[in-house]
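Examination of the molecular architecture
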Amino acid sequence: MAAPAPVFDSPDPSFADLLAARPALAMDPIAGLMVEEVSLARIADVVGTPTWVYSATTLRRRARSLRDALAEAGLDASIHFATKSNPALAVVNLLHQEGLGADVVSEGELRAARAAGVPASGIVFSGVGKTEREMRLALAEDILQLNIESAEEAEMLSAVAASMGKRARCALRVNPDVDAKTHAKITTGLTENKFGVPIAMAPALYAKMCALPGLDPVGLTVHIGSQIAQGVASYRAAYQRLGQLVRELRAAGHPVLRVDCGGGLGIPYRDETPGTPAALAGAIKAGLGDLGVKIMLEPGRWICGPAGVLLARVIVEKQATTRRFVIVDAAMNDLLRPAMYEAWHGILPVSAAAFHAPLSPADVVGPVCESSDTFTKGRDLPALPPNSLVTFLDAGAYGASMSSTYNARPLAAEVMVEGNRFTVIRDRQSHAALIEGQRLPPADHAGWAT
Ligand SMILES: Cc1ncc(COP(=O)(O)O)c(C=O)c1O
Ligand SMILES: N[C@@H](CCCC[NH3+])C(=O)O
């Protein structure tokens, strides 16, 4: 049975409202939709479509406002950008210039963060299943800390570090059993989720970690979910529980120097009302502010989501059916979120004329051979003749990073805009690259391994 499309009890925001809420974008009566001062039509002409377009100024502003909110709350805090949300080297590097470190979850992300110029001392390694090879690399690089997710992982890291003659700075990820009230696929702080250890088991495990050779436990970490969009009450509950745990561990004589407060702050894709950075800082302060711990944060989406759009071209409008289908050259292999989470993304036409034209309901779909390759159903849109351009908004997080080459579609190009200039930060993948590394097996099994 088809998954039910999400039902919203409010009308979709108008184009004008979507635009007004997105400072990275502007509508020029002649050039059409712009990211900062660069026309998207121009980018489409030069780079082609589909293309991810990021606003450097927006990335900078958002990094600064998060940093400022933490400082204004009087918190001694460092921010480690969750590279899984957008691992483009240019993005990670720009955020590093703004004083952010990186949160990584794989060897690939660790290498990308280093290649982007992030020093090892600014890198946190999270993730529920680090391999021995990844642990070795993290220790060889001497990164800031590894976040431990289980007793078994603590023992594995202990053995790896001891064999290298090192002590691994590590934090214990606690699962506080707090409902982040987000999509079931991206909630992480409930006991039914695979992440962290139940808070009741944390004191014993922390004590064990303190006794294991090769480990240097420095504190705790928590991350309750992503796209937390209903205020900060769930953060408050989680940080209160963590604060109590810090006291308990200290009373037992264990050092707790840092608390990594995770990421998850949501953004308004449609009309959600996530907490502000100031409210998040307030929740951290209320739960952990009087403990003298160093605070760390691992935000991804809040920083880079609103800084990016996915630019696509209409292939054809299919109208001679019972529904109106707008088929674009971007697909679920590019922006997976609607297919995977029924996520709502704003869609704006690029031309100024289309922006003001009469609207009628349309399904916007990609060319991939799956019915889930649907960006939206029944969205009010103007006539979109072949070759007209559309943008999917708030695509800077979990957009390019979740892309695949399904249907043998090359990965889209990525572009960064700053002021009135733009530059390609990742070439469109070539068709040759799609088949690179493959080979036809030698005939008659000659040369096959046994
Ligand atoms: C451990 C951890 N830290 C940080 C993040 C970043 O989350 P977000 O992009 O929602 O801020 C995630 C993803 O949910 C995560 O799993
Ligand atoms: N991929 C999810 C977020 C998951 C966060 C992973 N820690 C999204 O697009 O919303």
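Residues numbered from 1 in each chain as written. Chains lettered and ligands numbered in written order. Predicted model: local features only at pLDDT ≥ 70, side-chain atom pairs only at ≥ 80, totals over all residues.

Counted at 1.5 Å a residue, the expected span for helix 7 (residues 151-163) with its 13 residues is 18 Å, and the 18 Å between its end C-alpha atoms agrees. In this fold, the buried residues of helix 7 make contact with helix 6 (132-141), strand 8 (145-148), strand 9 (168-175), helix 8 (202-211) and strand 11 (215-221). Gly165, located one to two residues past helix 7, shows a positive phi value of around 70°. (Helix = DSSP H or I, 4+ residues; strand = E, 2+ residues; numbered from the N terminus. Expected span 1.5 Å × (residues − 1). Contact = placed C-beta atoms within 7 Å.)

Turning next to the site of ligand 2. The environment of ligand 2 is formed by Lys84, Ile186, Ser226, Gln227, Arg337, Tyr341, Tyr398 and Met402. Partitioned by chemical class, the residues of the shell around ligand 2 number four nonpolar, two polar and two charged. Domain assignment of the residues forming the shell around ligand 2 places at least three in each of domain 1 (15-55 + 305-435) and domain 2 (56-304). (Near = placed C-beta within 6 Å. Nonpolar A, V, L, I, M, F, W, Y, C, P; charged D, E, K, R; others polar. Domains from an automatic or database assignment.)

Turning next to the packing of helix 3 (residues 56-72) against helix 4 (residues 89-97). Between helix 3 and helix 4, the shortest axis-to-axis distance is 10 Å and the interhelical angle comes to 40°. By the angle between their directions, the pair helix 3 and helix 4 is classed as oblique. Here the hand of the crossing between helix 3 and helix 4 comes out right-handed. In contact with Ala56, Leu59, Arg60 and Ala63 of helix 3, helix 4 contributes Val91, Leu94 and Leu95. (Axes fitted to C-alpha atoms, helices over the stretch in contact; angles between N-to-C directions. Parallel < 35°, antiparallel > 145°, perpendicular 65-115°, else oblique. Left-handed = near helix turned anticlockwise from the far one by under 90°.)

Remark: helix 9 (residues 233-251) packs on helix 10 (residues 277-288), axes separated minimally by 7 Å, with the N-to-C direction vectors making an angle of 25°. Judged on the interaxial angle alone, helix 10 and helix 9 are roughly parallel. Crossing of helix 9 over helix 10 shows right-handed handedness. In contact with Tyr235, Arg236, Tyr239, Gln240, Leu242 and Gly243 of helix 9, helix 10 contributes Leu280, Ala283, Ile284, Ala286, Gly287 and Leu288. Class assignment of the residues belonging to the contact of helix 9 with helix 10 gives a composition of eight nonpolar, three polar and one charged.

Looking now at the domain arrangement of the chain. It is common to give the size of an interface as the accessible area that goes away when the parts come together. Segmenting the chain into domains produces domain 1 (15-55 + 305-435) and domain 2 (56-304). Each partner contributes to the interface: domain 1 provides 26 residues, whereas domain 2 provides 22 residues. It is strand 22 (residues 413-418) that provides the largest number of residues to the side of domain 1 that touches domain 2, a total of four residues.

When the UniProt feature table is mapped onto this chain numbering, "modified residue: N6-(pyridoxal phosphate)lysine" (unreviewed entry) sits at Lys84. Along the chain, Lys84 turns up in the loop between strand 5 (77-82) and helix 4. Excluding anything up to four places from it in sequence, Lys84 contacts Val105, Glu109, Gly300 and Ser401. (UniProt positions renumbered as here; feature names shortened; annotations may be inferred.)

Attention now goes to the nonpolar core. Leu40, Val53, Leu59, Ile123, Leu157, Leu220 and Leu242 are the most contacted members of the largest nonpolar core, which totals 131 residues. By residue number, the principal contributor to this core is helix 9, which donates seven residues. The residue makeup of this core includes at least three contributed by each of domain 1 (15-55 + 305-435) and domain 2 (56-304). Excluding residues that lie within four positions of it along the chain, Leu242 makes contacts with Val174, Pro176, Leu220, Val222, Val259, Gly287 and Leu288. (Core = buried A, V, L, I, M, F, W, Y, C linked by C-beta atoms within 7 Å. Buried ≥ 20, exposed ≤ 12 C-beta atoms within 10 Å, placed from the backbone.)

Attention now goes to the confidence of the model for the chain. Overall, the prediction assigns the chain a mean pLDDT of 96, with 99% of residues at 70 or greater. Across the interfaces of the predicted complex, the ipTM metric reaches 0.99, alongside a pTM of 0.97. (pLDDT = per-residue confidence, 0-100.)

The next subject is the sheet that holds strand 1 (residues 25-28). Read across the sheet, three strands follow the order 1-2-3 without closing on themselves; strand pairing throughout is antiparallel. Each having just a single partner strand, strand 1 and strand 3 (38-39) make up the two edges of the open sheet. With two bridges connecting them, strand 2 (residues 32-35) and strand 3 associate as antiparallel partners. Residue pairing for strand 3: Met34 is matched across the bridge by Ser39. (Pairing = 2+ DSSP bridges.)

Before going further, it helps to examine helix 9. Over its 19 residues, helix 9 runs 27 Å from end to end, which matches the ideal 27 Å to within 8%, given 1.5 Å per residue. Residues of helix 9 that are buried: Ser234, Tyr235, Ala238, Tyr239, Leu242, Gly243, Leu245, Val246 and Leu249. Lining the buried residues of helix 9 we find strand 9, helix 8, strand 11, strand 13 (258-260) and helix 10. With its phi angle positive at about 90°, Gly253 sits one or two positions after the end of helix 9.

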